[in-house]
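Inside the fold
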Amino acid sequence: MTSLNLQHASLWQTRAHIRGRWLDGDNGFFDVTDPAGGGLVARVAELSPAQVRSAVDAAAEAQPAWAALSADARADFLQAWYAKVKEHREDLARLMTLEQGKPLGEARAEIDYAASYIRWYAEEARRIVGELISLPQNDRAGLVSYTPVGVVAAITPWNFPSAMITRKVAPALAAGCSVVLKPAAETPLSALALMALAEECGIAPGVINVVTGTDAPAIGEVLTGDPRVRKLSFTGSTRVGKALMRACTDTMKRTSMELGGNAPLIVLDDADLDLAVAGTLASKFRNAGQTCICANRLLVHEAVYERFLDKLVAAVSGMTPGSGFDEQTTLGPLIHRRALESVQAKVQDALAQGARLLTGGQAIEGQGCFFQPTVLADVNVSMQVFREEIFGPVAPVTRFACDREAVALANDTPFGLAAYVFGKDTGRLWQISQSLAYGMVGVNETAISSAQIPFGGVKESGHGREGARQGLMDYLDTRYTCLGNLIGQGA
Ligand code: ADP
C-alpha cells in the first residue's frame, strides 16, 4: 500500500463518519487505487444501506440544534474549519494527488479553492436577512424570513475531490442544515480528511456525516427515498442526475444539479491568438481534461484557423504527462481504465469520420491511465468529440466563417454550463456572449470560477447555483409570516 508520510497523521481516515464516530463498513471495505501507477492506495469502509440510513437518523437528530445556534456560532465553526484546511494544505493536496492523480500544483490550487468556499460561507452565514413587506391593509405587516431546508444529502464526483464538497457542505452548514455526504468511491480519502478537520474544530456529532461505499445506486436510494432528507445537491453526470431527480419527486425534495457540460471556446478573427491558446491550455488540459467546464470544443474563425492550430500544437506538444507527485508534470492520468477507453473510442470515431490528427491520439503504454495530449482538426458536428463531453486531454477544433455560425455551433448541444469567447471588439464580444445559451460565459478568460460567483448551468447541465449569495439561498426555504390586527389600544 502507498504510504504518504502525512505531517498530520489523523488526516489519513479510511472509515466512514456517522454521528461523530469513525465506523467500519458492515459490508467490509473497497479498494482505492492510484490512477498514475495502478497500485492499491487504501481500503475504505463499504457501508450497508442500514448504515446509510443511520447517517440520515444522525443528521435528522442533529439538525435542529445546529439550526438553533446563532449565525455567529455557525460562522465561527466555518472560520475555524477554513483555517484548519489552510494549515494542512500540503497534506490535503498530497492525499488528493495520490487518489485522483492531478499534478500537485493543481491539487494545492484546489485546496485553496475548496477553502475559499468555507471562508465565503462563514461570512455569508451572518448575512441571512429577511424583508418586511408593506401590505394592502394598514393593520398588517408581512415578514419574509429564511429557514434552513433541513437535512441535506450531498453526492460528489471524483474530479474535484475537495472543492465539490466544500461548496455544498459550507453553504448548507451556514444556512443551518445538517449533511450526509457521499463522496465518489474513487476519491473518498479527501472527503474523510476534510471530515477529520471538521471534527477537530468541534463540529457537533451528526451535523456532518460521511458515508462511503461503491454501491452508489443503493446509497442513492436510501438518501433520495428518505422523507427526512429535504434537499439533494448533486454534482456528476447528466444521466445519474436525471435518475436522482426522478427519485426525489416522491418526497418533493429540493435539488441542485451540477451536471455535464460541452463547453465551446470561440476564437474570433481579431483574437489575441497567444491569449486564446493560453486560455485553451488552462481550460482544456486542466485536470487532464476531466472538468465539467473544460473547453470541450474549439470553434475557430477560418481567417486564423491554421495559425491558431500551429500555436496550439506547439503548446500542447510541450506538455509533460506523468505522476502528479513529479513537479515537472503538467498532465496527470485519467481516473481509471474505463475513462481511458472512452477517450480512445471518441478519438477513433473522429478519425474514422475524417478528423485530422495533429498531435497525440493514443493512450500511453504502461501501468497508469495516461492519454497523450491530443489535437484534432477539421472536426464536424456529427463526431462524438463534438457532441459529447470528452473528459480527457483531447482538443477538437472546428472551423467557422461568421459570428452567427459560431453561435449556432456553440449552442448546438443539450448542455449549457460554460462557454468562452476570445476576441477584441467589445460590441461583438458582448453580442456573442449574450447569445450563448450557457449559465457562465468567459470573455477573454477561461479561469472563471471562484467562491464569489454563481457557478451553474442551464438546459441539461442542471439547475441551482454554487458560490455567491445564490449558493446559500439554495439551502434556505422562504417563510412568509403575516402579522395581523396591529391596532394599539393606547392613545
Ligand atoms: P462520473 O461518470 O463522473 O463518475 P457519476 O454521475 O457516475 O459521474 O458519479 C458522480 C457521483 O454520483 C459519484 O459520487 C457516484 O458514486 C455517484 N453515483 C453514481 N451513480 C449513482 C446513483 N445511481 N445513485 C446515487 N449516486 C450515484
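In this text the structure is predicted, and so the values were computed from the model without any measurement. (Residues numbered from 1 in each chain as written. Predicted model: local features only at pLDDT ≥ 70, side-chain atom pairs only at ≥ 80, totals over all residues. Heavy atoms only, no water.)

1. Things to note about the sheet that holds strand β13 (residues 295-301)
The strand order β14-β15-β16-β13-β12-β17-β18 describes an open sheet built from 7 strands, whose pairing is mixed. Looking at which strands have only one partner, the edges of the open sheet turn out to be β14 (356-359) and β18 (440-443). Taking the axes of each pair of neighbouring strands and ignoring which way they run, one obtains an average angle of 20° across the sheet. Looking at chain direction, β14 and strand β15 (residues 374-377) are connected through 3 bridges and run antiparallel. Residue pairing in the sheet places R356 in a bridge with A377 of β15. The strands touched by helix α13 (residues 403-411) within the sheet are β12 (263-267), β13 and β16 (394-400), with β16 carrying the most contacts at an inclination of about 140°. (Pairing = 2+ DSSP bridges. Helix = DSSP H or I, 4+ residues; strand = E, 2+ residues; numbered from the N terminus. Axes fitted to C-alpha atoms, helices over the stretch in contact; angles between N-to-C directions. Contact = heavy atoms within 4.5 Å.)

2. A closer look at the packing of aromatic side chains
Inspection of the entire model under this criterion finds 4 aromatic pairs. Consider the rings of W66 and F77, whose centres lie 5.9 Å apart with planes at 85°: the pair is edge-to-face. Taken together, the residues W66 in helix α1 (residues 49-68) and F77 in helix α2 (residues 71-87) connect sequence positions 11 residues apart. Accessibility classification places W66 together with F77 in one group, the buried group. Here R167 stacks its cationic end above the ring of F455, 4.0 Å away from the centre of that ring. One cation-aromatic arrangement involves K231 over Y475; the distance from NZ or CZ to the ring centre is 4.6 Å. (Phe/Tyr/Trp six-rings, centres within 6.5 Å; stacked < 30°, edge-to-face > 60°. Buried < 20%, exposed > 50% of the residue type's maximum accessible area, 1.4 Å probe, protein only. Lys NZ or Arg CZ within 6 Å of the ring centre and 35° of its normal.)

3. What to know about the packing of α2 against helix α5 (residues 163-175)
Closest axis-to-axis distance for the α2/α5 pair is 9 Å, and the angle between their directions is 155°. Classified by the angle their axes make, α2 and α5 are roughly antiparallel. As α2 packs across α5, the resulting crossing turns out to be right-handed. For the pair α2 and α5, the contacting residues are R74, F77, L78 and W81 in the first and V169, A170, L173, A174 and A175 in the second. Residue composition of the contact of α2 with α5, by class: 8 nonpolar, no polar and 1 charged. (Parallel < 35°, antiparallel > 145°, perpendicular 65-115°, else oblique. Left-handed = near helix turned anticlockwise from the far one by under 90°. Nonpolar A, V, L, I, M, F, W, Y, C, P; charged D, E, K, R; others polar.)

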